[in-house]
Amino acid sequence: SFFAQTRATIVSEGKTDNIYMRCALRSLAAHYPTLVQLSGTSKNPLAQLFKFTKTAEVVQHLSGCASQLSNLLSNYRKMTKNFKGRPRQPTILVVDNDSGPENLFKHLSNLLKKKVDGSDPYYFVYENLYVVPVPKIGGTFTAMEKLFKPEVLNIELNGKKLDLTNKEPDGKQFYSKNTFSIEVIQKRQSTISFDGFKPLLDAIVAVQKDYAIKVAAGAGVATKPATAPAVVGP
């Protein structure tokens, strides 16, 4: 998923962000030929969204949240130290630019020896690992949902409004981000504008270009494909 992949890997904070990203890529495919290949009516992804599965939770300790992505920053080199070769494609951690990844930014500041506040389009960490914060809107912290237009965020379902905090326990007055991602974004994607995602996708394309330069220059990136040790079953 992260080291020997044939396509760039995008790791978000969870399943809802994956749905937003997938729908945005489909909607804006014509603008991003390095992320989506158009073939007739088909749209073939040229980057893979990391799947949050039961196996991923057990093996890679990733089920979706900023704190787990911070742990990945800590453990990535240890996880890959016995792998042969070097990766040809980047692994890109996409994080909300709000209070959630605050500790991740602090951790990244320590790794890069500079202040990281999510203002840069992307941050190169080491190996093939990058962090891309959701671009700030108006210079303030921004969650991925804020990339949608207000009229989308204000859509009501069965008389209920969206609760971005996910704090309401019984769902009597509001509906959750998970419901929003499926019932609003996924099911109505053909009628929704994803233009707010362009700065985020632009940053991901910039990472692709930056890493391709590193590969071409051999700047700490090997010239042969990477391989991971075989997984031996019981």
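Up top you'll find the structure we're talking about.
Keep in mind it's a predicted model, so treat the numbers as computed, not measured.

Honestly, the overall build of the chain in this entry has me stumped. Any pointers?
Within the chain one finds seven helices and nine strands. With 234 residues in all, the chain has 43% of them scored as buried. Pairs at least 24 apart in sequence give 67% of the contacts found in the chain among residues at least 6 apart. Of the roughly 12,600 Å² of accessible surface on the chain, a fraction of 51% belongs to carbon and sulfur atoms.

Just checking my understanding: could you explain the pairing of strand 7 (residues 129-133) for this structure?
Within a regular beta strand, the side chains point alternately toward one face of the sheet and then the other, so they alternate between its two faces. Within strand 7, five of the five residues are buried, which leaves it mostly tucked inside the rest of the structure. Because side chains alternate across strand 7, one face comprises the buried residues L129, V131 and P133, and the other comprises Y130 and V132, equally buried. Pairing of strand 5 (residues 91-95) with strand 7 involves five bridges; the strand directions are parallel. Paired with L93 across the two strands is V131, which belongs to strand 7. With three bridges joining them, strand 6 (residues 123-126) and strand 7 adopt antiparallel strand pairing. Opposite Y123, over in strand 7, you have V131 as the bridge partner. Between the end of strand 6 and the start of strand 7, which pair antiparallel, lie two residues, with E127 showing a positive phi angle near 50°.

Honestly, the environment of F52 in this entry has me stumped. Any pointers?
Summarising the element assignment, F52 is placed in the loop between strand 4 (47-49) and helix 2 (54-59). Separated by 38 residues in sequence, F52 and G14 have C-alpha atoms that sit 7.0 Å apart.

Procedures and definitions
- Residues numbered from 1 in each chain as written.
- Predicted model: local features only at pLDDT ≥ 70, side-chain atom pairs only at ≥ 80, totals over all residues.
- Heavy atoms only, no water.
- Helix = DSSP H or I, 4+ residues; strand = E, 2+ residues; numbered from the N terminus.
- Buried < 20%, exposed > 50% of the residue type's maximum accessible area, 1.4 Å probe, protein only.
- Contact = heavy atoms within 4.5 Å.
- Areas by Shrake-Rupley, 256 points an atom, 1.4 Å probe, with all protein chains shown as cover.
- Pairing = 2+ DSSP bridges.

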